[in-house]
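The lines below spell out each chain.
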Amino acid sequence: MLDEFLNCKVVLDLASTYVCLGKLSRYDEHFVELKNADLHDLRDTETSRELYIADSAATGIKRNRKRVFVRRSEVVAISLLEDVVDD
């Protein structure tokens, strides 16, 4: 299923207070690898998860990692960044 998202910009909604955005590079049964990623702790701002993601879709990903591995067990949802709606 995730093959269609390879090399696309995606949003990973995590079970924690983190959200991760970036280009899906590869994945296996345990991890998802994103490149040129923004790993964002929502406790650092007063912005909601939805608003942060919508802003990133509109203005671009604010890269703070060249590469990041995220445990698949922490991922609640994955979607294409282009599928984010703000209305």
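Computed from a predicted structure; not experimentally measured.

Caption draft 1: Quick look at the side chain of Ser56. When you line up the elements, Ser56 lands in helix H1 (residues 49-59). A polar atom in the side chain of Ser56 sits 3.3 Å from the side chain of Lys62. Once residues within four sequence positions are removed from consideration, Ser56 is found in contact with Leu21, Ile61, Lys62 and Leu81.

Caption draft 2: Spatial organisation of the sheet that holds strand E2 (residues 18-27). If you trace the five strands from one edge of the open sheet to the other, you get E4-E3-E2-E1-E5, paired in antiparallel fashion. Both edges of this open sheet fall to strand E4 (65-71) and strand E5 (75-80), since each of them pairs with a single strand only. Across this sheet, the average inter-strand angle for adjacent strands is 40°, counted without regard to direction. Of the pairings in the sheet, the one linking E2 to strand E3 (residues 31-41) comprises eight bridges and is antiparallel in character. Bridge assignment links Lys23 to a residue of E3, and that residue is Lys35. Packed onto the sheet, H1 meets strand E1 (9-14), E2 and E3 and runs at close to 50° relative to E2.

Caption draft 3: Geometry of unusual backbone geometry. For Asn7, which is not glycine, the phi dihedral falls at a positive 65°. With respect to the helices, strands and loops of the structure, Asn7 is situated in the segment before E1. Residues other than glycine seldom take positive phi values, yet Asn36 does so here, at roughly 50°. Overall, the relative accessible area of 41% leaves Asn36 in the partly exposed class.

Caption draft 4: Region of interest: the packing of aromatic side chains. Under the criterion given, the structure shown has one aromatic pair. Aromatic side chains Phe31 and Phe69 sit 6.4 Å apart centroid to centroid with 85° between the ring planes, which places their arrangement in the edge-to-face category. You can see Phe31 sitting in strand E3 and its partner Phe69 sitting in strand E4, a full 38 residues away along the chain. A cation over an aromatic ring shows up here: Lys62 above the ring of Tyr52, its NZ or CZ 5.5 Å from the ring centre.

Caption draft 5: Quick look at the environment of Lys9. Along the chain, Lys9 turns up in strand E1. Each C-alpha atom of the pair Lys9 and Val32 lies 13 Å from the other, and the pair is 23 residues apart in sequence. When sequence neighbours within four positions are dropped, the list of residues in contact with Lys9 reads Gly22, Lys23, Ile61, Ser79, Leu80 and Leu81.

Conventions used here
- Residues numbered from 1 in each chain as written.
- Predicted model: local features only at pLDDT ≥ 70, side-chain atom pairs only at ≥ 80, totals over all residues.
- Heavy atoms only, no water.
- Helix = DSSP H or I, 4+ residues; strand = E, 2+ residues; numbered from the N terminus.
- Polar contact = N/O pair within 3.5 Å; in protein donor to acceptor, adjacent residues only side chain to side chain.
- Contact = heavy atoms within 4.5 Å.
- Pairing = 2+ DSSP bridges.
- Axes fitted to C-alpha atoms, helices over the stretch in contact; angles between N-to-C directions.
- Buried < 20%, exposed > 50% of the residue type's maximum accessible area, 1.4 Å probe, protein only.
- Phe/Tyr/Trp six-rings, centres within 6.5 Å; stacked < 30°, edge-to-face > 60°.
- Lys NZ or Arg CZ within 6 Å of the ring centre and 35° of its normal.

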